[in-house]
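# Topology and contacts: notes
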Amino acid sequence: MKRKPVKYFILIVLFILLLSPMAISSASQSLMLYQTNQGSLDLSEWDPDKNGIMKLDGQWEFYWEKLYTPDSFIDKDQLTAPEYIHQPRAWNKLIVNGKELSGNGYGTYRFRLLNLEDRIYGIKIPRVFTSYRLWVNGDQLASAGKVETNRSEMIPQYLPQIAYFKPVDNQVEIVIQVANFRHRSGGILDSIRFGDFEQITDMRNRAIAFDLFLFGSLFIIGFYHIILYLFRIKDRTNLYFGIYALLISARTLLVGEIFLIYLIPHFSWEFAHKIQTIAYYIGVPLVVLFMKSTFPLDVSKRLSKIIVIIGAAFSALVLFTPARIFNLVNPLYQLFTFVVISYLLYIVIKIIIKKRENSLIIGLGLLVFIIFSINDIVFLSTWMADAEHTLLRKIITRGNLSSYGLLIFVFTQSIVLAKKISKSFTTVEQLSNELKTINVSLEEKISERTKALELSRAGMYKAYQSAIESEQALVDFTQNISHDLRTPITAIKGYINGILDGIIKDEDQKKKYLLRTKDRIDQMTNMVQDLLDLSMLQTKQINFTFQRISIDKFINIISEKYSLDMASSNVTFILNQPFIRNMANQAESIVPLSDETISSLEISIDIEKLERVFANLFSNSIKYCAKQPEIMLDFELIDDFNNLVIKVTDNGIGIPPEDLPYIFDRSYKTSSNQMVDGNTSNGLGLAIVKEIIASHEGIIWVESKLGLGSCFYFTLPVHNIEKNKSR
Ligand code: ADP
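Each helix and strand in the chain was counted, giving 19 helices and 24 strands. Computed over the C-alpha atoms, the radius of gyration of the chain is 61 Å, more than 25% above the 27 Å expected from 2.2 N^0.38 for a compact globule of 727 residues. Principal-axis analysis of the C-alpha atoms places the extent of the chain at approximately 185 × 70 × 35 Å. Here the chain holds 727 residues, and 46% of them are scored as buried. Residue pairs at least 24 apart in sequence account for 73% of intrachain contacts in the chain once pairs closer than 6 positions are excluded. Accessible surface computed for the chain: about 38400 Å², of which carbon and sulfur atoms make up 59%. Distance from the positive charge centre (77 side chains) to the negative charge centre (74 side chains) of the chain: 9 Å.

Below is the structure:
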């Protein structure tokens, strides 16, 4: 943003530089305007060094349909009386002998310059319509084409040139024969410039330099745009611009100093005229097309089509008819051009109001071009050619400004192009940067996602495995249950059949079998109840009523409940004092806890459910014991008094190591379980125990040595009252 003023400053400097050739080329035209009077001009007051070049405008002698040479003027009696024509202008519409002249015909001009200093002078002769011969003081110094009195012999040529001469007796007599049968206008339509020979040479050189500068610039620009178009066919703007610049560059060599004639001296006048006119005719729709492709929303499609059709029709006329015919329609096309220019001005205003991108700069360029083109059109118009228009000729002094206008237009266009190109480069840079960061983050994302996918795949595989496992477990469970149910059912069936079939007749026997039947039914009822309890525990459908109770109270309840039972069933029941482990001097010692401590520690339990846990563990200890059963109960505080571990140790048959991981699964029975007499196991007890402990936020595990006994451990979270109090 900060660099903007600098940028605009540089652009303005460039613009001024671009204007300088015109300033330089026109510097020599700071003219003193003298008027020739009745064919002669007294120049005693004029000093070329001070006053500069002058235009020899004013009243000249004119002899219509006479081709006089300087010799003809020696004996004046033989001459017809001259007309006086106010130069410069075409002889069209001049009244001679009561008749209005057309452009066709021939005649002789003559004027004299009096009281000149004795030095070398020069004149700059413009293009003459359309052939001439020029004498100064009797010497023929210049000519163009072939002056003849009829169309077939006369040869047209545009050839601006300069001629040098010295006055004789301080006088200069200039005689010019002009003939035209090819162009609509005849005569000398532009001023003849007169001055010191050095000034005239300088003027000519500058004019040629300017033309060649324009030609070269436009030529290169034209090519450049066409090449741009070839590389990017989508953008037609460049094509229109390129063609137009080339056409105008060609035109530059055919107007002004008409440098082409120096390159190709016999270049056909007709052909040159065609190129020059076509450059103008095609230019009009091309500018419209250019504007349309730059501002498609603002230029009417229909109107531009109509303009193109009209332009094409006129151009075709130029191509297929000779100059004297197509020249007749030129005023019509000039009128049409003014209509198009009005439309273009309207477009320029519209795009600037609508703030279209680059509208201001293109609008400005186009405006300069339009003004310069209007200059040329007026300069070349019949309206200007056919009358004196002294004032207008002071403003409009040259007919080749449109090329220059185009150059300025091209300049603004190249700014737009540069802007576009650098903008697209910036966009590309931005995009590729974004793409890079997108790529990087994409790669990161991809690797993240891949990891996540791998994880979730592993998870899914695990879930799949556990689904298979649990499905298998369900199958096993169902089979086990069916098996467990079938055994008592078969037995019951056997007993009843025995009684019904009269095999068992004895009443005592009958009673015995009926009692067995009842046992089996009780066993099945228990089993069904256990199943129901387990499934309700697992689906959290059983309500727990937790109560806070101190550890010592809890131990008392357990002791009271089971000590007597155990004693009566001939089971040795040892209940140890709660303890903690002490790791002093690297030696582990067991420290019993005081009553005070254990009364200050509480657990939150559903006492009924926990009783079931103990009942189950104890009954297993008794059930899976081959000798006199011995059960020991320990309470250990761990994790800095945060958890209580309850340990149930027995001297039973133990559990085979391969079964250890599974005994808490539902319906799992160890292979050794069969060894126990009167087996009423259904493999649901430990699964229920595990669920109850989990509901108390505890865990359960087992250690066992086959033949020696098993240790069941489970934890309960502890609430430290003292700790809470002190807080
Ligand atoms: P069950 O109704 O079969 O006793 P449990 O779930 O209570 O069902 O026990 C599962 C299995 O674990 C038992 O079948 C038994 O083989 C084994 N088991 C449980 N407790 C002990 C123990 N104290 N000593 C040896 N084996 C045990």
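Let us look at the pairing of strand 15 (residues 193-196). One ladder, built from 2 bridges, connects strand 3 (residues 54-64) with strand 15; its direction is antiparallel. When the bridges of strand 15 are listed, Lys 55 appears paired with Arg 193. Of the strand pairs in this sheet, strand 9 (residues 121-125) and strand 15 are connected by 4 bridges, and their pairing is antiparallel. Paired with Lys 124 across the bridge in strand 15 is Arg 193.

Moving on to the pairing of strand 18 (residues 579-584). Looking at chain direction, strand 18 and strand 19 (residues 587-592) are connected through 6 bridges and run antiparallel. Along strand 19, the bridge assignment pairs Asn 582 with Ser 589. Two successive antiparallel strands, strand 18 and strand 19, enclose a turn made up of 2 residues, where Asn 585 displays a positive phi of approximately 50°.

This part is about the packing of aromatic side chains. Here the distance between the centres and the angle between the planes together describe a pair of aromatic rings. All chains considered together, the criterion is met by 45 aromatic pairs. Between Trp 64 and Trp 91, the ring centres sit 5.2 Å apart and the planes meet at 70°, which makes this aromatic pair edge-to-face. Here Trp 64, found in strand 3, pairs with Trp 91, found in the loop between strand 5 (89-90) and strand 6 (95-96); they are 27 residues apart in sequence, far enough to count as distant. What makes Trp 91 buried here is its relative accessible area of 0%. Across the ring face of Phe 73, the terminal group of Arg 110 is positioned such that the distance to the ring centre comes to 4.5 Å. The ring of Phe 544 has Lys 609 lying over it, and the distance from NZ or CZ to the ring centre is 4.9 Å.

Here we come to the domain arrangement of the chain. Taken as a whole, the chain is organised into domain 1 (3-28 + 203-418), domain 2 (32-200), domain 3 (449-538) and domain 4 (547-726). Each of domain 1 and domain 3 has a C-alpha centre, and these two points are 105 Å apart.

Reading the values: the criteria
Residues numbered from 1 in each chain as written. Predicted model: local features only at pLDDT ≥ 70, side-chain atom pairs only at ≥ 80, totals over all residues. Heavy atoms only, no water. Helix = DSSP H or I, 4+ residues; strand = E, 2+ residues; numbered from the N terminus. Rg over C-alpha atoms; globule rule 2.2 N^0.38 Å. Buried < 20%, exposed > 50% of the residue type's maximum accessible area, 1.4 Å probe, protein only. Contact = heavy atoms within 4.5 Å. Areas by Shrake-Rupley, 256 points an atom, 1.4 Å probe, with all protein chains shown as cover. Lys, Arg positive; Asp, Glu negative; His and termini not counted. Charge placed at Lys NZ, Arg CZ, Asp CG, Glu CD. Pairing = 2+ DSSP bridges. Phe/Tyr/Trp six-rings, centres within 6.5 Å; stacked < 30°, edge-to-face > 60°. Lys NZ or Arg CZ within 6 Å of the ring centre and 35° of its normal. Domains from an automatic or database assignment.

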